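Per-entry structural report
Each chain, letter by letter, is given below.
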Amino acid sequence: LIVIAAVVIKGLAEHKVTLGAPLCPCRHYDDKQAEAEQGYWNCPCVPMRERKECHCMLFLTEDNAFAGDETSVTPEEVAKMIEGI
């Protein structure tokens, strides 16, 4: 599950650089720039902020069946996990 988090973090970082906002990388958009400007799907997105629902599974409540024991990942770990992706 940590590798999934690393890929999501990479996508958020790329969108922050290219779009100016951390647009959710787990969704399809017809116009990414327009979506980033609207802000609804910028991480943490509105469903996460309002209902604690994270489509990317980056943020999980402790009672979620998919929640793991690890709660942090270093930038170095992310870089190693996404190498070649």
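A brief report on the enclosed structure follows. This one's a predicted model, so the numbers in the text were calculated from it and none came from an experiment. (Residues numbered from 1 in each chain as written. Predicted model: local features only at pLDDT ≥ 70, side-chain atom pairs only at ≥ 80, totals over all residues. Heavy atoms only, no water.)

**Looking at the overall build of the chain**
For the chain, the count of helices and strands is four helices and zero strands. By the compact-globule yardstick of 12 Å for 85 residues, the chain fits well, its C-alpha radius of gyration being 13 Å. Taken along its principal axes, the extent of the C-alpha atoms in the chain is 35 × 35 × 15 Å. For the chain, contacts bridging at least 24 residues in sequence account for 33% of all contacts bridging at least 6. If you sum the accessible surface of the chain, you get close to 6000 Å²; carbon and sulfur atoms cover 54% of it. If you average the places of the 8 positive and of the 14 negative side-chain charges in the chain, the two averages end up 3 Å apart. (Helix = DSSP H or I, 4+ residues; strand = E, 2+ residues; numbered from the N terminus. Rg over C-alpha atoms; globule rule 2.2 N^0.38 Å. Contact = heavy atoms within 4.5 Å. Areas by Shrake-Rupley, 256 points an atom, 1.4 Å probe, with all protein chains shown as cover. Lys, Arg positive; Asp, Glu negative; His and termini not counted. Charge placed at Lys NZ, Arg CZ, Asp CG, Glu CD.)

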